[in-house]
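# Coordinate analysis (summary)
Residue-level listing of the chains:
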Amino acid sequence: MIYFLLMMCAFAEVFLLWVLVALIRDGRHVAPRTGKADRTRRGPMSRIGELIHMNPRMTQDENARKTIGKRTVLMVLGALLFTLPLHGQQTASDASDIAVLEGTRSDQPIPPAVRQELEAMKKRIEQLEAQLPKKDGQGTVSASEGTEAASQGPNVPEVHLAAASFAQPSVAQPQGESAAAAPNKKQKVEPFSDWDWTWLNGNPRNKDVACDSKFFTPEIRADVTYTYDFNKPIDNSIGGSSEIFRSNEIQLEQLGLGGDFHYDNVRARFMTQFGMYSTTTVRNDPSYAKGQWNINEAHRYLAEAYGGYHINALNGINVDAGIFLSYIGLFSYYNADNWAYQPSYVSSNTPWFFEGLRVQIFPTPHLKIEPWLINGWQSYASANSRKGLGGQIKWTPRPWVNIISNNYGLGHDDLYIPKRGRIHTDDSIEIKYYDKPGKTLDKMAFSFTGDLGCEFGGGVSCYGRKSGGPKQSFIGYMLYNRAWFKKDTYGLTIGGGQINNPGRYLVLLPPINGETAPSAAINAPYFTGNPGDPFKAWDTSITFDYMPRQWLTFRWEYDYRHASVPYWTGRGGITPPGSGGVPYTNNGSPQFFACNDGNTSGALTLSAAQTACGAQGSTVWFPDLRKDQSTINLDILVKF
C-alpha cells in the first residue's frame, strides 16, 4: 500500500510541476503565426500536451519556438526523476514510522510497475532531448533550422533564428538570474538609419527603395515645372533664381538617371542633369573661363559623380573624390526633396555643388564630421591658385531634431582678383515639434537657417575699414514651417527669408543679354557687382503638396520676392531686341552695352556706349528690371 501511495504522490508531484511550468509559459506565450491570424490564447493543458507530445504536423519553426520552454521543463523533470527514489529512502525515523504504520520493512525494493514507469519516462526525456535543435559553438540556434518567412504577412520581416539570438537570451542559457545577467550583443547601426528622417527639409521622403541589388542601387528623378510670372516678360526669361528660369512655359527642369555602386567597401555614385539645370547651374561658375579644355562642357550633364572607399572604423569612414552636392543652404539641389520649390536667398544664392575631396567620419550613428578640400566656392576649377577648405558637422541627438553647421574658408574665388579671400558659415536647425500619425494633422516641423560671411583683400574688407576698402559681406536667414495631413498625403509649407549682401558677390546675376559669371567678372554693364554695391532683399512663399505615392509629388506654389534695387525681369524682358529681323536674341557680347538695333556698342561705359550707338543711328538699350516679382509654380516631381 505504501508503495502505491508513494507512486501516486510522485506522479501528482510531477503533474503539478508540469502544470505550473505550463501556466508560466502560457502567460508569456504568443500564438505562433500561421497562414490565418491566430489570436486565441492556449490553455495550460494544451501547452502540456504540446510539450510532451511534439505534434509531427507542426512546422519545424513552431517546434523551434518552443525549445526554450522545453529545455526548462526537461531540467525540472530530470531533477524530479532522479529524486523520486528518495521517497523510498527516508531517514531512519521516517522509515520506522512507516514500518509501524504498514507493518513492513523500510528497505523493501520498489515494485516492478513503478520501475517500468520510471524507465519509460526516462526514455521519453531522451527522445525529447534528441529532438532539440542543435547549437553552434556560441550556444545560438543554427541558421539551418530555418526562418520565420515574411509570407506570414506583408509587414512581417524575415527573421533568422541565428540573428534573433542576439536580441533574446540563447536557448543554451539557463533561464533566471544568470540569463538576465547575460548582456545582449548589440549590432552596429548604420549612421542616421535608426530613426525616420523623411520629414527633413532637403532629405528624400521615400521610405522604401524601389529597386536594389548587392552591387547597384538605381535612382531616377524627373522634375517638370510650369511657372507663370505676373510681370509677364516678353522674352519669357526669369532671372535671380536657381530653380525657375522661364515664364509661361512647361519646362523640364531636370532628368536625373544614376545611382549608387557598392561592393567590397568600394563605392561610387553618379547622377545626370539633363534639362534646364545642365545650362543654368554651369553659368553661375566663373572658374571654367580660366584656361583650356572647356571644363563647363565636360561637367555640364553631371550633377554628382564621385568614387570612394568605405573604411570599417568607428561607425564608418567614407573617403570620396569627384563632384558632390553641397549642403550649404539646407535645401537640396533636387526639388523633390524639399518643402518648397523656390527656396529663399540664403539657399538659392549659395553653392549647389563642390568638386574635390571629402572625408565623412561617423564617430556615432548620430554624428558626422566631414572635412572638404575643394577647388573653390561652387566651381569646377580653381578661379585662382588657392584651393578652398571647409566642412560640415551634422548631429541628430533625437529623432525630432537635426543640427547642421557648414563652414567654408581660405578660397580665392573671385575670377581675375587673385588676392581676395572668402569665408562663410551656414548653420541650420530642424525640429519636428508635433507627431500624431493617427490624426488628420499628423505632423508639423520647422527649419531655421542663418548665414554669415564676408570677403577681404583685393580692395574690400569684412568691416568696411577705410584702409581695407568698402564692406563686402553677407548676412541672411530663412524660416519655414511645414504641416503634413492624412498620413503624409498632403503637405503645406509657409516660409521665407531675407539677405543683405553689399558687394553682391553672392547675388545671382540676371542673365541680361546672355550674361554669365565669367562675362560678369570682366564687366556687368547693367547689373553691377562693384565693391560695396548695395543689395537687400526679402521673400515669402506658400507651397501645397499632394503626395499620393512616396515616389510622386504634385506641387502648387506662390512666391513673392522683393529687392532694394531693380533686379527682377519686367514686361520688356532682359534680351536685346535682336538684329537682322530676329527678335529677342543675344548679340554675343554681354560685357558691353547693347544698342536698340540689337548690335553691341563695344563700350564698357555708358557715355562711350551712347556715342557708339548714336554713330549707328540708334540709342543704348536697357533691360526692363523691377523691384518686385510674383510667380506661381505648378510642378510634377518624381523620385525613385
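What counts as what
Residues numbered from 1 in each chain as written. Predicted model: local features only at pLDDT ≥ 70, side-chain atom pairs only at ≥ 80, totals over all residues. Heavy atoms only, no water. Disulfide = S-S within 2.5 Å. Buried < 20%, exposed > 50% of the residue type's maximum accessible area, 1.4 Å probe, protein only. Helix = DSSP H or I, 4+ residues; strand = E, 2+ residues; numbered from the N terminus. Contact = heavy atoms within 4.5 Å. Phe/Tyr/Trp six-rings, centres within 6.5 Å; stacked < 30°, edge-to-face > 60°. Lys NZ or Arg CZ within 6 Å of the ring centre and 35° of its normal. Patch = residues over 30% accessible without salt bridge, like charges linked within 9 Å, V, L, I, M, F, W, Y side chains within 5 Å. Areas by Shrake-Rupley, 256 points an atom, 1.4 Å probe, with all protein chains shown as cover. Salt bridge = Lys/Arg side-chain N within 4 Å of Asp/Glu carboxyl O.

The final tally for this structure, using the stated rule, is two disulfides. Two residues, C454 and C462, share a disulfide whose sulfurs are 1.9 Å apart. Judged by the sign of its S-S torsion, about 60°, the cystine formed by C454 and C462 is right-handed. For C454, a relative accessible area of 7% translates into the label buried. Here C595 engages in a disulfide with C613; their sulfurs sit 1.9 Å apart. Between C595 and C613, the disulfide has an S-S torsion of -85° and is therefore left-handed. Residue C595 is located in the loop between strand 18 (568-569) and helix 13 (606-615), and its partner C613 is located in helix 13; the two are separated by 18 residues in the primary sequence.

Turning our eyes to something else, we now look at the environment of I494. Along the chain, I494 turns up in strand 15 (residues 490-500). Judged by relative accessible area, I494 falls into the partly exposed class, the value being 46%. Separated by 13 residues in the primary sequence, I494 and N481 have C-alpha atoms spaced 5.5 Å apart. With near-sequence residues (within four places) excluded, I494 lies in contact with L479, Y480, N481, S541 and I542.

Bringing unusual backbone geometry into the picture now. Its identity as a non-glycine residue notwithstanding, N236 has a phi of 60°, on the positive side. Summarising the element assignment, N236 is placed in the loop between strand 3 (216-229) and strand 4 (249-263). Taking relative accessible area as the criterion, N236 reaches 22% and is therefore assigned partly exposed. Despite not being glycine, N248 shows a phi value in the positive range, around 55°. As for its position among the elements, N248 is in the loop between strand 3 and strand 4.

As a further point, take the packing of aromatic side chains. In total, this model carries 33 aromatic pairs according to the counting rule given. Taking the centre distance of 6.1 Å and the plane angle of 70° together, the rings of F192 and F362 count as edge-to-face. Here the residue F192 occupies a position in the loop between helix 8 (177-181) and strand 3, and F362 occupies one in strand 8 (residues 353-364), the gap between them amounting to 170 residues. Residue class for F192 comes out buried when judged on its relative accessible area of 17%. Assessed through its relative accessible area of 8%, F362 is described here as buried. Cluster of aromatic residues (ring-pair linked, three or more members): Y345, F527, F535, Y567 and W568. Residue placement shows R358 over the ring face of Y306; its charged tip is 4.7 Å from the ring centre. For K368, the ring lying beneath its charged end belongs to Y327, and the centroid distance is 4.5 Å.

Right, let's get into a nonpolar patch on the surface. Taken together, the side chains of F230, Y490, L492, I494, I542, F544, W556, Y558, I632 and L634 make up a nonpolar region of the molecular surface, amounting to roughly 840 Å² of accessible area. Elements represented by at least two residues in the nonpolar patch include exactly strand 15, strand 16 (536-549), strand 17 (552-563) and strand 20 (628-639). Sort the elements by how many residues they give to the nonpolar patch and strand 15 lands first, with three residues. Among the structural elements, F544 can be located in strand 16. Taking relative accessible area as the criterion, F544 reaches 36% and is therefore assigned partly exposed.

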